[in-house]
Amino acid sequence: FLLDGIEIRDGKADDPLGSVDQRSGGGIYAFGTYLELQHVHFENNYSVFDGGGFYAAGGGWFASDCSFMNNAAGGSGGAGLLFGKRWSELIDNW
């Protein structure tokens, strides 16, 4: 799916006893899908596990001209975490 020109902020994935999808990807949790982001701003998202801004596993990933500010994770990937991706492309992100 495509997200273009939006802001994703103040998301929380903070169920300490939940499954991986309830503890990962404070802004976006994507599993086994094609994800395309253009001009997306991630700010103040948090996950207790991995991928504060986003968590993406399986599928494909493309991000262009996205920004990441003040995202955090208790595990890996404060801005985001790509796990087991078939392909990924990150262009001009900050």
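Parameters at a glance
- Residues numbered from 1 in each chain as written.
- Predicted model: local features only at pLDDT ≥ 70, side-chain atom pairs only at ≥ 80, totals over all residues.
- Heavy atoms only, no water.
- Core = buried A, V, L, I, M, F, W, Y, C linked by side-chain atoms within 4.5 Å.
- Buried < 20%, exposed > 50% of the residue type's maximum accessible area, 1.4 Å probe, protein only.
- Contact = heavy atoms within 4.5 Å.
- Helix = DSSP H or I, 4+ residues; strand = E, 2+ residues; numbered from the N terminus.
- Polar contact = N/O pair within 3.5 Å; in protein donor to acceptor, adjacent residues only side chain to side chain.
- Pairing = 2+ DSSP bridges.

K.L.:
What is the right way to look at the nonpolar core in this model?
P.N.:
Across soluble globular proteins, you tend to see nonpolar side chains buried next to one another. By size, the foremost hydrophobic cluster in this structure holds twelve residues: Ile8, Ile28, Ala30, Leu35, Leu37, Val40, Phe42, Phe54, Ala56, Trp61, Ala63 and Cys66. Those residues in contact with Ile28 that sit more than four places away from it in its chain are Leu3, Ile8, Leu35, Leu37, Phe42, Gly53, Phe54 and Tyr55.

K.L.:
Sorry if this is basic, but what is going on with the side chain of Glu36 here?
P.N.:
Relative to the helices and strands, Glu36 is located in strand β5 (residues 34-38). A polar contact of 2.9 Å, which involves the side chain of Glu36, links it to the side chain of Tyr34. Other than its neighbours up to four places away in sequence, Glu36 contacts Phe1, Leu2, Leu3 and Phe62.

K.L.:
Would you mind showing me how to read the pairing of β5 here?
P.N.:
Along a regular strand, successive side chains alternate from one face of the sheet to the other. As defined by bridge partners, strand β1 (residues 2-4) adjoins β5 across three bridges and the pair is classed as parallel. Bridge pairing links Leu2 to Glu36 in β5. When β5 meets strand β9 (residues 60-64), the two strands line up parallel, connected through five bridges. Looking at β9, one finds that Leu37 is bridged to Ala63.

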